[in-house]
Structure formats: structure tokens, C-alpha cells
Amino acid sequence: MPRSKNKVAAHRRRKRVLKAAKGYWGSRSKVYTIARNSVDKGWSHAYVGRKLKKRIYRSIWIVRINAAARMNGTTYSRLINGLNKSHIMINRKLLADLAANHPDAFTAVVKTAMGGSAK
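Source: prediction; values computed, not measured.

Chemist: I would appreciate a short explanation of helix α3 (residues 76-85) in the present structure.
Modeler: Residues three or four positions apart in an α-helix share a direction because the helix packs 3.6 residues into each turn. Residues Tyr-76, Leu-79, Ile-80, Gly-82 and Leu-83 constitute the buried set of α3. Viewed end-on, α3 has its buried residues packed into an arc of 160°, placing them on one side of the element. More than 90 degrees from the buried face of α3, the exposed residues found are Arg-78 and Lys-85. Buried-residue contacts for α3 involve α2 (32-71), α4 (92-101) and α5 (103-113). Downstream of α3 by one or two residues, His-87 has phi in the positive range, about 60°.

This is the structure in C-alpha cells:
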């Protein structure tokens, strides 16, 4: 029985990896075994980066909310506590957008959350 070499599937697999390694320096884009290592590491970094991006955006939103809250006479933690006690379900992304683009609406939210005690 002749030996099966799996030519088509193996060739496609190598082509896919080398295509993903396009633009890498030297043998990282030419040699399959080295390219596979570089591509795998790149994909793992991309996976982690997608998770980190969410953390970074949340921290940016919190900074924006805190700055706007302080302009309205309160702090971020007091504002979030007031929102929770008032059962106002607004996420941080929306609050940050209100703080940056619609300061009057943000002030109204702060007044409602703080029971009218904010300026």
C-alpha cells in the first residue's frame, strides 16, 4: 500500500500560516516552523489585547465620570453609590458619554442620584 502524504491539507495549512506571517522579518515570514511560532505568539497577544482593551476603556470612562462628578460637587464613588441607591441603571459607558457630550443631562442625572443635593 503506498504511503499517504496528505499533500493538499498540509500545503493549505502551511499556506495559511505563511499568509498570516506576511510582513514579519526574515525567516519569521519564510520558514514554516519559525513562522508558526511567531503567528501563534501573535495570536495569543491579540487575544490578551482584546481583554485588556475592555479594562482600559472602563478605566477611561471612570476617569471621565469622576471629573464631571467633581464639577457637580460630588465624587465618582458617591455618585455610583447614589445611582445604585436610587435604582438608576446607567452603565459607565453611557455616563461617560453624557459627561463628555451632554453636561446638562449629566447634571440632571447627578441631581437625581444625589437626591437634589448636588449643585
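Chemist: I would appreciate a short explanation of the environment of Ser-29 in the present structure.
Modeler: With respect to the helices and strands, the residue Ser-29 is situated in the loop between α1 (7-20) and α2. Sequence separation of Ser-29 and Asp-104 is 75 residues, and the distance between their C-alpha atoms is 54 Å. Reaching out from Ser-29, the side chain makes a polar contact with the backbone oxygen of Gly-26 at a distance of 3.1 Å.

Chemist: Please explain the nonpolar core as it appears in this structure.
Modeler: Formed by 16 residues in total, the largest nonpolar core has its most connected members in Ile-65, Leu-79, Leu-83, Leu-95 and Phe-106. Elements that contribute at least two residues to this core include exactly α2, α3, α4 and α5. Other than its neighbours up to four places away in sequence, Leu-83 contacts Ile-88, Leu-95, Val-109 and Ala-113. One finds Val-17, Tyr-32, Ala-35 and Val-39 within the second-largest nonpolar core, a separate group that totals five residues.

Chemist: So what exactly am I meant to see when it comes to a nonpolar patch on the surface here?
Modeler: Taken together, the side chains of Tyr-47, Val-48, Leu-52, Ile-56, Tyr-57 and Ile-60 define a hydrophobic patch exposed on the protein surface, amounting to about 560 Å² of accessible area. Relative to the elements of secondary structure, Tyr-47 occurs in helix α2. Owing to a relative accessible area of 47%, Tyr-47 belongs among the partly exposed residues under this scheme.

Chemist: Can you walk me through the environment of His-87 in this structure?
Modeler: Structurally, His-87 can be placed in the loop between α3 and α4. Overall, the relative accessible area of 66% leaves His-87 in the exposed class. Taking C-alpha positions, His-87 is 8.7 Å from Ala-113, a pair spaced 26 residues apart along the chain.

Chemist: Honestly, the confidence of the model for the protein in this entry has me stumped. Any pointers?
Modeler: Note that predicted coordinates carrying low pLDDT should not be read in detail. A residue-level look at the protein finds 97% of positions with pLDDT of 70 or above and a mean pLDDT of 92. Mean pLDDT across the elements of the protein ranges from a minimum in α1, with 92, to a maximum in α2, with 96.

Criteria and thresholds
Residues numbered from 1 in each chain as written. Predicted model: local features only at pLDDT ≥ 70, side-chain atom pairs only at ≥ 80, totals over all residues. Heavy atoms only, no water. Buried < 20%, exposed > 50% of the residue type's maximum accessible area, 1.4 Å probe, protein only. Helix = DSSP H or I, 4+ residues; strand = E, 2+ residues; numbered from the N terminus. Arc of directions from axis to C-beta. Contact = heavy atoms within 4.5 Å. Polar contact = N/O pair within 3.5 Å; in protein donor to acceptor, adjacent residues only side chain to side chain. Core = buried A, V, L, I, M, F, W, Y, C linked by side-chain atoms within 4.5 Å. Patch = residues over 30% accessible without salt bridge, like charges linked within 9 Å, V, L, I, M, F, W, Y side chains within 5 Å. Areas by Shrake-Rupley, 256 points an atom, 1.4 Å probe, with all protein chains shown as cover. Salt bridge = Lys/Arg side-chain N within 4 Å of Asp/Glu carboxyl O. pLDDT = per-residue confidence, 0-100.

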